[in-house]
2 protein chains.
Amino acid sequence: MTTPASAQDSGVTRVVCEQLAPRVGDLAHNTALALDAVRRALADRADIVVLPELTTSGYVFADLDEARRTAITPDDTFFTDLTLLLAGTRTVVVLGFCEDGGPTLFNSAAVVDADGVRAVYRKTHLWDRETLFFTPGARMAPVVTTPHGRIGVLICYDLEFPEMPRRLALAGADLIAVPTNWPLEEQPAGERPAEIIQAQAAARANGLYIACADRGGTERGQAWTQGTAVINQYGWLTTTATAAAEHRAVCDLFLHLSRDKALSPHNDLLHDRRTDLYAQESPQL
Amino acid sequence: MTTPASAQDSGVTRVVCEQLAPRVGDLAHNTALALDAVRRALADRADIVVLPELTTSGYVFADLDEARRTAITPDDTFFTDLTLLLAGTRTVVVLGFCEDGGPTLFNSAAVVDADGVRAVYRKTHLWDRETLFFTPGARMAPVVTTPHGRIGVLICYDLEFPEMPRRLALAGADLIAVPTNWPLEEQPAGERPAEIIQAQAAARANGLYIACADRGGTERGQAWTQGTAVINQYGWLTTTATAAAEHRAVCDLFLHLSRDKALSPHNDLLHDRRTDLYAQESPQL
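Residues numbered from 1 in each chain as written. Chains lettered and ligands numbered in written order. Predicted model: local features only at pLDDT ≥ 70, side-chain atom pairs only at ≥ 80, totals over all residues. Heavy atoms only, no water.

Digging into the overall build of chain A
Okay, step 1: Looking only at helices and strands, chain A has seven helices and 16 strands in total.
Okay, step 2: A compact globule built from 285 residues should have a C-alpha radius of gyration of about 19 Å, and chain A, at 19 Å, falls within 12% of that.
Okay, step 3: For chain A, the C-alpha atoms occupy an extent of roughly 65 × 55 × 40 Å along the three principal directions.
Okay, step 4: Within chain A, buried positions represent 61% of all 285 residues. (Helix = DSSP H or I, 4+ residues; strand = E, 2+ residues; numbered from the N terminus. Rg over C-alpha atoms; globule rule 2.2 N^0.38 Å. Buried < 20%, exposed > 50% of the residue type's maximum accessible area, 1.4 Å probe, protein only.)

Here's what the structure looks like:
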């Protein structure tokens, strides 16, 4: 018996989420920040790296001009630099960016590996003031096949709609990567952020892993939940970065376990769905 | 200004859940147990009472004969007795029973008030050995209009399917009553039962209240989560009966708050759904 040369060889997938604090409107600073985070993740032999929503632009735009000044296309040199950084690795990076879509902007996430930009997903459920800057995406969230498993992508508020993780599970996702910017809200003492509870339920309901990379820092007075968390296929937290000084979450997952949806000798999480009923109206009595 | 004569007059709805411990196969004992619980709830001026799944029969049947011996129809004297008990009140009771459906049995829940049995819902997602005894229901879960608001009904495992609370929310439910028998499973230290996390997420995703009445006691070696809990429209627990000696949860809710689905000046929980996308396949890349 030999020692595995890398995490992959042992069936383990190493996921790293980093809770970055970009500067709103400062593209040069933020792209450097993202590349540094990926370098750290590579040093940790990460297989999958998740960075926050709108990493390259920041979030609390003063106006549309500021958003537009930070907008980039998937052909931008940032993505070329990131691809070069990943050369010779099997590492996959999922991160949010402000996408220049020509006449309009999108709140997008890119899936990038050594071959380049594999997928761009445009957020389909826009939160609050995002509606002032962005056009909602017109396509369902993708599932990207990688050497580590099938990665689905959602962005922040998307995950509040149970339809979204469900669709990704039905499309075969093993893990959903969620770049996010969760604004801090009040919660009862001793409770974790509601967004994490929602993510736990989505993981459990679909028998898959979820890795959420939240924001650090404070931006124009906006505080964040700092709820970076990796959740297993039973809905339990495996790692959080909330209290960590480095704001990073590093954990090893057996992603192939998401392929087994059996819950009991008589139950299967996806086959037990009653699709014959879900289109019916509820009887009103 | 006068003191409200009842909870209803103040816009408050009092919900009582009781975590009963029926004896499997003992219909006479269990129906008496249920009527006693309703008497206690009435003494507490309950508007809505929720009792466990299969209250009248117990759960861990030895065989089909035992299940059949405890099966009753909505015309059973138990429901007549319950209706008489509710005479002159506006109280609504939701409880689970083993339904005699002629050639087959159903794991059902009845909604009963002073006018009689208002609705019977037959569980549509059967858990584990239930598949040996019961036929799954063929109709979507109902929403029953009451003086206290619109009550949706789900039973136990139904709630694990996010499609179900979503359908009830779209049908206008203010509260979902969930008779349940949650079998005890392992969970990480300090965590609440996963089923409650699922219920919290369902409440939050749909902006409605959820009242779950779980089982107490142990039945043929089967322990229960004892996770009776009432959850508000933000997904937070308002009351649990887990640690209470009496195994009851009593709480006052402003159910009309479920009618406001606005989350921000730009967001509405139900209108933000992208029904145009949910039928699309995920792009596979």
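From this point on, the discussion continues.
Digging into the sheet that holds strand β1 (residues 13-18) of chain B
Residue and element names in this part refer to chain B.
Okay, step 1: Taken in spatial order, the six strands of this open sheet run β5-β4-β3-β2-β1-β14, and their pairing is mixed. Because the sheet does not close on itself, it has two edges, and the strands there are β5 (116-122) and β14 (248-253). Within this sheet the neighbouring strands show an average axis-to-axis angle of 25°, counted without direction.
Okay, step 2: Pairing geometry for β1 and strand β2 (residues 48-50), over three bridges, is parallel. Following the sheet pairing, V15 is matched in β2 by I48.
Okay, step 3: Packing of helix α1 (residues 27-43) onto the sheet brings it into contact with β1, β2, β3 (92-100) and β14, and relative to β1 it is tilted by some 150°. (Pairing = 2+ DSSP bridges. Axes fitted to C-alpha atoms, helices over the stretch in contact; angles between N-to-C directions. Contact = heavy atoms within 4.5 Å.)

Regarding the pairing of strand β8 (residues 175-179) of chain A
Residue and element names in this part refer to chain A.
Okay, step 1: Burial analysis of β8 places five of its five residues in the buried class, which makes it a mostly covered element.
Okay, step 2: Here β8 shows no split at all, with L175, A177 and P179 on one side and I176 and V178 on the other all buried.
Okay, step 3: Note: strand β7 (residues 149-153) against β8, three bridges, orientation parallel. Its bridge partner lying in β8, G152 is registered against I176.
Okay, step 4: Across five bridges, the pairing between β8 and strand β9 (residues 209-213) is parallel. Bridge pairing in β9 places L175 opposite Y209.
Okay, step 5: In the classification by handedness, the crossover that spans β8, the intervening helix α6 (residues 194-206) and the parallel β9 is right-handed. (Right-handed = clockwise from strand over helix to strand, strands pointing away.)

With respect to the sheet that holds strand β14 (residues 248-253) of chain A
Residue and element names in this part refer to chain A.
Okay, step 1: Across the sheet, six strands lie side by side as β5-β4-β3-β2-β1-β14; this open sheet has mixed pairing. Of all strands in the sheet, those with a lone pairing partner are β5 (116-122) and β14, marking the two edges. For this sheet the average axis-to-axis angle between neighbouring strands, irrespective of direction, equals 25°.
Okay, step 2: With eight bridges joining them, strand β3 (residues 92-100) and strand β4 (residues 105-113) adopt antiparallel strand pairing. Counterpart to V93 in the pairing with β4 is V112.
Okay, step 3: Each of β1 (13-18), β2 (48-50), β3 and β14 touches helix α1 (residues 27-43); the most contacted strand, β1, lies at about 150° to it.
Okay, step 4: Helix-sheet contacts for helix α3 (residues 77-86) involve β3, β4 and β5, and the interaxial angle to β4 is about 20°.

A few points about the interface of chain A and chain B
Many analyses report the size of an interface as the accessible area lost when the parts associate.
Okay, step 1: Counting residues at the interface gives 63 residues for chain A and 63 residues for chain B.
Okay, step 2: Each partner contributes to the roughly 5500 Å² buried at the junction of chain A and chain B, and carbon and sulfur atoms together form 53% of this total.
Okay, step 3: Three residues stand out in chain A for area buried against chain B, namely W236, Y278 and L285 of chain A, and they jointly supply 14% of the buried area on that side.
Okay, step 4: Taken together, chain A and chain B are joined by 10 salt bridges.
Okay, step 5: For the pair chain A and chain B, the number of links is 44 residue pairs in polar contact (both at pLDDT 80 or more).
Okay, step 6: Mapped onto the side of chain A that touches chain B, the elements with two or more residues apiece are β5, α4 (130-133), β6 (143-146), α5 (163-170), α6, β15 (262-264), β16 (267-268) and α7 (275-278) of chain A.
Okay, step 7: When residues in the side of chain A that touches chain B are grouped by element, the largest group, eight residues, is from α6 of chain A.
Okay, step 8: Grouping the constituent residues of the side of chain A that touches chain B by class yields 32 nonpolar, 14 polar and 17 charged. (Buried area = accessible area lost by both parts, 1.4 Å probe. Salt bridge = Lys/Arg side-chain N within 4 Å of Asp/Glu carboxyl O. Polar contact = N/O pair within 3.5 Å; in protein donor to acceptor, adjacent residues only side chain to side chain. Nonpolar A, V, L, I, M, F, W, Y, C, P; charged D, E, K, R; others polar.)

Some points on helix α5 (residues 163-170) of chain B
All names here are of chain B.
Okay, step 1: Counting buried residues along α5, seven of its eight residues qualify, which places the element largely inside the surrounding structure.
Okay, step 2: Listed as buried for α5 are E163, M164, P165, R166, R167, L168 and A169.
Okay, step 3: Phi turns positive one or two residues past the end of α5, at G172, with a value near 95°.

A word on the relation of the copies chain A and chain B
Okay, step 1: When chain A is fitted onto chain B, the two copies agree to an RMSD of 0.0 Å after a turn of 180° and an axial shift of 0.0 Å. Given the turn and translation reported, the copies of this chain are related as if by a two-fold rotation axis.
Okay, step 2: Taken as a fraction of all interface residues of chain A, those also at the interface in chain B reach 100%, which identifies the copy contact as same-surface. (Least-squares fit on C-alpha atoms with pLDDT ≥ 70 in both.)

Regarding the packing of aromatic side chains
Okay, step 1: For the structure shown, the criterion picks out 14 aromatic pairs over all chains.
Okay, step 2: On the numbers, 6.1 Å between centres and 65° between planes, the contact of F61 of chain B with F134 of chain B is edge-to-face. Of the two residues, F61 of chain B sits in the loop between β2 and α2 (64-69) while F134 of chain B sits in the loop between α4 (130-133) and β6 (143-146), which places them 73 residues apart along the sequence. In this structure, F61 of chain B and F134 of chain B share a single accessibility class: buried.
Okay, step 3: When the centroid spacing of 4.9 Å and the interplanar angle of 75° are considered together, the rings of F79 of chain B and F97 of chain B count as edge-to-face. One end of the pair, F79 of chain B, is in helix α3 (residues 77-85); the other, F97 of chain B, is in strand β3, with 18 residues separating them in the sequence. When sorted by exposure, F79 of chain B lands in the same class as F97 of chain B, which is buried.
Okay, step 4: These aromatic residues form a ring-pair network of at least three members: F61, F133 and F134 of chain A.
Okay, step 5: For the cation-ring pair, R122 of chain A lies above F106 of chain A, with the distance from its terminal atom to the ring centre recorded as 3.8 Å. (Phe/Tyr/Trp six-rings, centres within 6.5 Å; stacked < 30°, edge-to-face > 60°. Lys NZ or Arg CZ within 6 Å of the ring centre and 35° of its normal.)

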